[in-house]
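# Per-entry structural report
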Amino acid sequence: MQKIMVIFGTRPEAVKMCPLVRELKARAGIQTVVCVTGQHRQMLDQVLEVFSVLPDYDLSIMQEKQTLFDITEKVLLRMQKVLEKERPDVVLVHGDTSTAFASALACFYLGIPVGHVEAGLRTHNLYAPFPEKFNRKVIGIISRYDFAPTAAARENLLQEGKEDSRIFVTGNTVIDALRTTIRTAYTHPELEWAKDSRLLLMTVHRRENLGEPMRQIFRAVRRACREHPDVKVIYPIHKNPSIRETAAEILGNVPQIHMMEPLDVLAFHNFMARCYCILTDSGGIQEEASFLGKPVLVARDTTERPEGVAAGTLRLTGTKEETIYHSLQMLLDSPDFYRDMSNAASPYGDGQASRRIADILLEPGAIVPELTAPAEFLKT
């Protein structure tokens, strides 16, 4: 019986790890232990409820105005106790969060093998996005098993010297999640408000976009609304007070724009399925929307998901008002441009990533004890 611990702490991680948790729990030969850090609290709990996942451990680290120092210190110290108690055969972390980074570091200190789900994504700029790019890079150094969502991600890992035998192309588990959350009969008052319009769904929250970049993004959206009366915008707004203040100042008096509290995963996926297009600076949304055939304008200068740009379903706009406005105009005024983006094939998988990861972990001899650190280094 292999003991596998799955660790996550933010809403995006939970969306992508809960399908994997459910797959692992359904397999004979695996004892699955779930540990959440609570890096996000309310939003994390919403996802756990949607997927009916009950954690075995909840570190509850979240505090008001928490910093990267707070998150890293708390996860590292509290995770030590959990890992020493459970001694899992392998720990699975996801993506690029501070939860994933600190958990992987704790495993490294204790000589516990790490499996990195959504491995190999790169922007080739250590500060874009910050601190996620650093986190993902360091996890890739620590990890024994790399579950890459695409062939391009696998190639990134090979170029960095990772062993080919430790890299597995599985697709992205977020597509697995979409297969369980989209509802044909889903309704919501905000969707009723927007039903006779072309709905632009917007998520803007990146740390590096705070301040003037965000102001320019919001001004571009305001201009597009004024010039296209049939467009409505729904903006589930991040709880960061700075973001809310800027949004209220620029978007607050535009009747075509509704700002609302963050949506749970079930609601958000169904909003995506019913929108006309998306403007975002998020990461996972780029994969989700591509699978749903929704054109995505990415308000960033770089993306760790270039496969979507190459396929044509994503378009990098940066954060300059004129560039974003021009891209919105093309989507709204050019049927051919819209059709090309919406019909582009998604490169992020077929909804079977969790099954593939479980299969790999169950292969005879797949999970072996960590051998890279001399025994004397592992004494605590």
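Since the model is a prediction, treat every value here as computed from it, not as a measurement. (Residues numbered from 1 in each chain as written. Predicted model: local features only at pLDDT ≥ 70, side-chain atom pairs only at ≥ 80, totals over all residues. Heavy atoms only, no water.)

The next subject is the environment of Phe218. Turning to its location among the elements, Phe218 is positioned in helix H9 (residues 212–227). With relative accessibility at 0%, the residue Phe218 sits in the buried group. Taking the C-alpha atoms as reference points, Phe218 and Gly120, 98 residues apart in sequence, are found 32 Å from one another. In contact with Phe218, not counting residues within four places along its chain, are Met202, Val204, Tyr235, Ile243, Thr246, Ala247, Ile250 and Leu251. (Helix = DSSP H or I, 4+ residues; strand = E, 2+ residues; numbered from the N terminus. Buried < 20%, exposed > 50% of the residue type's maximum accessible area, 1.4 Å probe, protein only. Contact = heavy atoms within 4.5 Å.)

Right, let's get into the side chain of Glu307. For Glu307, the position within the fold is in helix H13 (residues 306–311). As a buried residue without a salt bridge, Glu307 has its nearest oppositely charged side chain in Arg305, at a separation of 7.0 Å. In this structure the side chain of Glu307 is engaged in a polar contact, spanning 2.4 Å, whose partner is the side chain of Thr150. The contacts of Glu307, once residues within four sequence positions are left out, are Thr150, Ala152, Ala153, Pro347 and Tyr348. (Lys, Arg positive; Asp, Glu negative; His and termini not counted. Salt bridge = Lys/Arg side-chain N within 4 Å of Asp/Glu carboxyl O. Polar contact = N/O pair within 3.5 Å; in protein donor to acceptor, adjacent residues only side chain to side chain.)

It is worth spelling out the UniProt feature "domain: UDP-N-acetylglucosamine 2-epimerase" (unreviewed entry) in the protein chain at this point. In this numbering, the UniProt entry assigns the feature "domain: UDP-N-acetylglucosamine 2-epimerase" (unreviewed entry) to residues 22–361. Here residues 22–361 is 48% helix and 15% strand, with 15 Å between the C-alpha atoms at its ends. (UniProt positions renumbered as here; feature names shortened; annotations may be inferred.)

Our focus in this paragraph is a nonpolar patch on the surface. Where nonpolar side chains cluster on the molecular surface, the patch consists of Leu126, Tyr127, Phe130 and Phe134 and spans about 400 Å² of accessible area. With respect to the element layout, Leu126 can be found in the loop between strand S5 (114–117) and helix H5 (132–142). Leu126 sits in the partly exposed class, given a relative accessible area of 41%. (Patch = residues over 30% accessible without salt bridge, like charges linked within 9 Å, V, L, I, M, F, W, Y side chains within 5 Å. Areas by Shrake-Rupley, 256 points an atom, 1.4 Å probe, with all protein chains shown as cover.)

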